[in-house]
Amino acid sequence: MTMIKAQKGTKDILPVDMPVWHLMEKNAEEIFSRYGAKEIRTPIFEATELFARGVGDTTDIVNKEMYTFEKSERSLTLRPENTAGVVRSFIENGMHRLPMPVKLWYKGPMFRYERPQAGRQRQFHQVGVEVFGIKQPTADAEVILMAVNYLKSLGLNDLSVELNSLGCPECRDEFKLHLKAVLRPYLKDLCPDCQTRYEKNPLRLLDCKVPECQEIFSKPEIQEVIMSDFICEECAEHFNELKKYLDELKINYSINKLLVRGLDYYNRTVFEIKSNNLGSQNAVCGGGRYDSLVRNLGGEDIPAIGFAMGMERLAYLIGEKDDKKTTAFVVSNSPAEALKLAEELRKDGISCEFDLSNKKFVKQIEKASKTAKYALILGEDELAADKVTVKNLENSEQKTVFRQNVKSEII
RNA sequence: GCGCCUGUCGUCAAGCGGUUAAGACCUCGGAUUGUGGUUCCGAUAUGCAUGGGUUCGAAUCCCAUCAGGCGCCCCA
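This section reports on the structure supplied with the text. (Residues numbered from 1 in each chain as written. Chains lettered and ligands numbered in written order. Predicted model: local features only at pLDDT ≥ 70, side-chain atom pairs only at ≥ 80, totals over all residues. Heavy atoms only, no water.)

### Details of the protein's contact with RNA strand B
Part 1 of the argument: Among the 50 residues in the neighbourhood of RNA strand B, the closest are listed as Arg112, Arg120, Arg261, Gly262 and Ser396.
Part 2 of the argument: Taking all atoms of RNA strand B within 4 Å of the protein, the share assigned to sugar and phosphate is 52%.
Part 3 of the argument: The separation between a phosphate oxygen of RNA strand B and a polar main-chain atom of Ala118 is 2.9 Å.
Part 4 of the argument: Separating a base nitrogen of RNA strand B from a side-chain N or O atom of Glu382 is a distance of 3.0 Å.
Part 5 of the argument: Counting residues per element, the ones that place at least two in the surface near RNA strand B are helix H3 (60-64), strand S6 (123-132), helix H7 (192-200), strand S10 (283-289), strand S11 (304-310), helix H14 (361-371) and helix H15 (380-385).
Part 6 of the argument: Broken down by class, the residue content of the surface near RNA strand B amounts to 12 nonpolar, 13 polar and 25 charged. (Near = heavy atom within 4 Å. Polar contact = N/O pair within 3.5 Å; in protein donor to acceptor, adjacent residues only side chain to side chain. Helix = DSSP H or I, 4+ residues; strand = E, 2+ residues; numbered from the N terminus. Nonpolar A, V, L, I, M, F, W, Y, C, P; charged D, E, K, R; others polar.)

Listed below in structure tokens is the structure:
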């Protein structure tokens, strides 16, 4: 018999991992709802076309990373991200008639067919937020605040927020033209990746890691274009206001002109939150504004902004693993009596186990000390007197009390 | 899709061409006749990812396959 193993790029989230996952989920609910966001759960697969139109058919995600399958002549795809799905649901359920900012948050598995490596899996989980209906930068500020405060609630403080503005489609196109124009003379000297980027996504050229390319980019005439404030007046004002809000809230951030994001739908504000402790996949959070996505997917003209975080990456940073012990373990030579006592406590909400395999007294105590906080000794003496000996396994203190007082003893 | 590295018990591992394939932890059994975590004894890989080769002899060398890790691309 050959072993069936978890598939490449997938992982079991085991009982030892649960405390961290529960923390991430509980805090998402708690923090995001403070901002008025409501949870939404959308299907794990959608029409392939949703992602092609939503995420953008020039992106890697859509071109080579989707899990697509055919069923009854429909092309379906496992969601590689959740913004498109949430927008689809927003439109389909007429949420544009709700009072306007509509704030939604989600968590769940996403699927991307890539080579797994540190901080990257084929099935992974994201928590994210989408805010619809506000074009003003107050929404940008609030969304960034939600992200930062959520991370803080998880004890993650030393993360850096990077910010950029992509401008609107008009000013961005103009910038692309400028950039391509100055680079044209050097095109043949760029690395093959950069040559395809030149055609496909010129903005991505800038963070190429090949030294020869960097050398070319550092030429004065090219630097001038890169560093120029190419965005139009309106976009610039939007960005400045956002920065002002963040300054007033004392949120630390840095401007990264090279921050572009790989999904086609972004405009104006884009941001990432990074950690230095994650290896090469260092972004825990990525997000931005997508003012034309709702319309592009067939809805009203409604602006929106959101972010997503990789939960496995968060879990790695939070770190702490903690096996939760059961509260009580009944030690007794009478299984029937042990079962009765255990049930009494379980009814009162106390987690309780007892020996299911007729072990000797010493072995039962040993088992108790490994798995529980208290040993409840129920021997002949105790049974005769309707009492229980409660032993605290951490400090070895023990006390014999009446049966009905057991639960107050172990709080 | 490309590059580099790795594959010995549930886990961490020693081993470097001739060993009965160390050791530790976990698990399980036993001893100490009702008190553990901190005692003692014992059990647990006929096999070193798989398939071929080289050799008198291979976990140890070579090749292929598979699996895992890391990096590039891209992304959370």
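### Quick word on the packing of helix H6 (residues 169-183) against helix H9 (residues 220-227)
Part 1 of the argument: Where H6 meets H9, the axes come as close as 10 Å, and the angle between the chain directions of the two elements is 170 degrees. Viewed along their axes, H6 and H9 adopt a mutual orientation that is roughly antiparallel. Contacts from Phe175, His178, Leu179, Val182 and Leu183 in H6 reach Glu221, Ile222, Val225 and Ile226 in H9.
Part 2 of the argument: Residues of the contact of H6 with H9, tallied by class, amount to 7 nonpolar, 1 polar and 1 charged. (Axes fitted to C-alpha atoms, helices over the stretch in contact; angles between N-to-C directions. Parallel < 35°, antiparallel > 145°, perpendicular 65-115°, else oblique. Contact = heavy atoms within 4.5 Å.)

### Observations regarding the sheet that holds strand S8 (residues 254-255)
Adjacent strands of a sheet form backbone hydrogen bonds with each other and so pair up, either parallel or antiparallel.
Part 1 of the argument: Pairing is mixed in the open sheet, where 8 strands are placed in the order S1-S5-S6-S11-S10-S9-S7-S8. The open sheet terminates on both sides in strands that have one partner only, identified here as strand S1 (38-39) and S8.
Part 2 of the argument: By the bridge criterion, 2 bridges tie S1 to strand S5 (residues 102-111) in an arrangement that is parallel. Among the inter-strand pairings, Glu39 is bridged to a residue of S5, identified as Trp105.
Part 3 of the argument: Strands in contact with helix H1 (residues 18-34) are S1, S5, S6 and S11; relative to S5, the strand with the most contacts, it is inclined by about 160 degrees. (Pairing = 2+ DSSP bridges.)

### A word on the nonpolar core
Part 1 of the argument: Counting 45 residues, the largest nonpolar core has Met24, Phe32, Tyr150, Ile273, Phe307, Met309 and Leu314 as the members making the most contacts within it.
Part 2 of the argument: In terms of residues, this core owes the most to one element, helix H5 (residues 137-153), which gives 10 residues.
Part 3 of the argument: Leave out the neighbours within four places in its chain, and Ile273 touches Ala147, Val148, Leu151, Leu159, Ser160, Val161, Asn282, Ala283, Val284 and Cys285.
Part 4 of the argument: Phe51, Met66, Met110 and Tyr265 belong to the second largest nonpolar core, which has 31 residues in total. (Core = buried A, V, L, I, M, F, W, Y, C linked by side-chain atoms within 4.5 Å. Buried < 20%, exposed > 50% of the residue type's maximum accessible area, 1.4 Å probe, protein only.)

### Structural notes on the packing of aromatic side chains
Part 1 of the argument: A complete count under the given rule lists 10 aromatic pairs for this structure.
Part 2 of the argument: Ring centres 5.8 Å apart and planes at 55 degrees place the aromatic pair Phe32 and Trp105 in the tilted group. Of this pair, Phe32 sits in helix H1 while Trp105 sits in strand S5, and the two are 73 residues apart along the sequence.
Part 3 of the argument: With a relative accessible area of 0%, Phe32 lands in the buried category.
Part 4 of the argument: An angle of 85 degrees between the planes, with centres 6.5 Å apart, marks the rings of Phe132 and Tyr290 as edge-to-face. One end of the pair, Phe132, is in strand S6; the other, Tyr290, is in the loop between S10 and helix H11 (293-296), with 158 residues separating them in the sequence.
Part 5 of the argument: For Phe132, a relative accessible area of 0% corresponds to the buried category. (Phe/Tyr/Trp six-rings, centres within 6.5 Å; stacked < 30°, edge-to-face > 60°.)

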